[in-house]
Amino acid sequence: MLSFLHNFAHKSEIRESKDEILLGEIVRAMARQGYPTIQFVASSDIQRVRFRAIGDASLHSVFVTLDRKTGGGMLSEALIGSKATLRITAEIKNRIADPDDLVAMYRTDLANILKLPALGGIRLNHELNSVLATTQQLIDIDQFVMKGDPGVERLGRLLASTIDRLREKLLPYKK
């Protein structure tokens, strides 16, 4: 009986910590692609990690935010699965701001006010000397966690392709 309760508690802990496991896999996949971790920010359901884009001619850093939506309990995981929003933001730094850049920045910001990107869309944002491109998508945590090498490879491809899409959107703004 005690063994049954112990196994039940263990499975519950695994189910509740899948997002943390996925975050560890994200850190590992990004490190393999040459993005060292420089910042962690975490709350109960949202984890955000900042990676430095060393050796990248255009990107300064990449933010990966994981926001778990479902799957914390046995019933919700059985019915819906473990879903999370994966938000990836790429940042370029422009150390000098000229008046033409400021006009372009305001144009982009006004367009962002009127536009709400759907999942998978890319949104550009300016912050004085940074230009940020953000996209988000709903993922199934179970596709990547506890799947061995195929899950890790799938996660690495997802991150690399998303960062490449964001980089393409940011290239016109790099000075």
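Residues numbered from 1 in each chain as written. Predicted model: local features only at pLDDT ≥ 70, side-chain atom pairs only at ≥ 80, totals over all residues. Heavy atoms only, no water.

Novice: Explain the pairing of strand 2 (residues 46-52) here, please?
Specialist: Consecutive side chains along a regular strand alternate between the two faces of the sheet. Sheet analysis places strand 1 (residues 37-42) next to strand 2, joined by five bridges and oriented antiparallel. Looking at strand 2, one finds that threonine 37 is bridged to phenylalanine 51. (Pairing = 2+ DSSP bridges. Helix = DSSP H or I, 4+ residues; strand = E, 2+ residues; numbered from the N terminus.)

Novice: I'm lost on the sheet that holds strand 6 (residues 130-140) in this one. Help?
Specialist: Backbone hydrogen bonds hold the strands of a sheet together, and the pairing may be parallel or antiparallel. On the basis of which strands lie adjacent, the open sheet formed by six strands has the order 1-2-3-4-6-5 and antiparallel pairing. This sheet does not close on itself; its edge strands, each paired only once, are strand 1 and strand 5 (122-127). Each strand axis lies, on average, 20° off the axis of its neighbour in the sheet, ignoring direction. In terms of strand pairing, strand 2 meets strand 3 (residues 61-68) through seven bridges, oriented antiparallel. Pairing of arginine 48 across the sheet is with threonine 65, part of strand 3. (Axes fitted to C-alpha atoms, helices over the stretch in contact; angles between N-to-C directions.)

Novice: Even after reading the chapter, I still don't get helix 2 (residues 18-32), so can you show me in this structure?
Specialist: An α-helical turn contains 3.6 residues, so any two residues separated by three or four positions project in the same direction. Taking 1.5 Å per residue as the helical rise, helix 2 with its 15 residues ought to reach 21 Å, and the 21 Å between its terminal C-alpha atoms agrees with that figure. Of all the positions in helix 2, only Lys18, Asp19, Leu22, Leu23, Glu25, Ile26, Ala29 and Met30 are classed as buried. Taken down its axis, helix 2 places every buried residue within 160° of arc, on the same side. Downstream of helix 2 by one or two residues, glycine 34 has phi in the positive range, about 95°. (Expected span 1.5 Å × (residues − 1). Buried < 20%, exposed > 50% of the residue type's maximum accessible area, 1.4 Å probe, protein only. Arc of directions from axis to C-beta.)

Novice: It is not clear to me how the nonpolar core should be interpreted in this structure. Could you clarify?
Specialist: Core analysis: the biggest nonpolar cluster contains 32 residues, and Leu22, Ile26, Leu59 and Leu86 have the highest contact counts within it. Of all elements in the fold, only helix 2, strand 2, strand 3, strand 4 (83-93), strand 5, strand 6 and helix 5 (149-170) reach the threshold of two or more residues within this core. Of the residues forming this core, the biggest block, six residues, is contributed by helix 5. Discounting residues that sit within four places of it in the chain, leucine 22 has contacts with Leu66, Ile139, Ile141, Phe144, Val145 and Leu155. (Core = buried A, V, L, I, M, F, W, Y, C linked by side-chain atoms within 4.5 Å. Contact = heavy atoms within 4.5 Å.)

Novice: Can you help me understand the packing of helix 2 against helix 5 in this one?
Specialist: When two helices pack together, their arrangement is given by the angle between the helix axes and by the axis-to-axis distance. Two numbers describe how helix 2 lies on helix 5: the axes approach to 9 Å, and their chain directions differ by 65°. When the axes of helix 2 and helix 5 are compared, the crossing they make is right-handed. For the pair formed by helix 2 and helix 5, the contact residues are Leu22, Glu25, Ile26, Arg28, Ala29, Met30 and Arg32 on the first element and Val152, Leu155, Gly156, Leu159 and Ile163 on the second. (Left-handed = near helix turned anticlockwise from the far one by under 90°.)

Novice: Is there a simple way to explain the pattern of salt bridges in this structure?
Specialist: A pair can form between side chains of opposite charge whenever their charged atoms are brought close. Under the criterion given, the structure shown has six salt bridges. Among the salt bridges present, the one from aspartate 142 reaches lysine 18, with a minimum N-O distance of 2.6 Å. Of this pair, aspartate 142 sits in the loop between strand 6 and helix 5 while lysine 18 sits in helix 2; the two residues are 124 residues apart in sequence, bridging distant segments of the chain. Of the residues examined, lysine 18 reaches a relative accessible area of 9% and is grouped as buried. Here arginine 167 and aspartate 56 are joined by a salt bridge, their closest N and O atoms 2.6 Å apart. Placement of arginine 167 in helix 5 and of aspartate 56 in the loop between strand 2 and strand 3 is noted, with a sequence separation of 111 residues between them. The class of arginine 167 is buried, set by a relative accessible area of 18%. In this structure, a network of salt bridges that share partners links the residues Arg50, Glu91 and Lys93. (Salt bridge = Lys/Arg side-chain N within 4 Å of Asp/Glu carboxyl O.)

Novice: Looking at this structure, how should I read the side chain of threonine 85?
Specialist: Mapped onto the elements, threonine 85 comes out in strand 4. Taking relative accessible area as the criterion, threonine 85 reaches 10% and is therefore assigned buried. If we ignore the near neighbours within four places in the chain, the residues touching threonine 85 are Thr65, Leu66, Asp67, Lys69, Gln136, Gln137 and Leu138.

Structural measurements only, silent on function.
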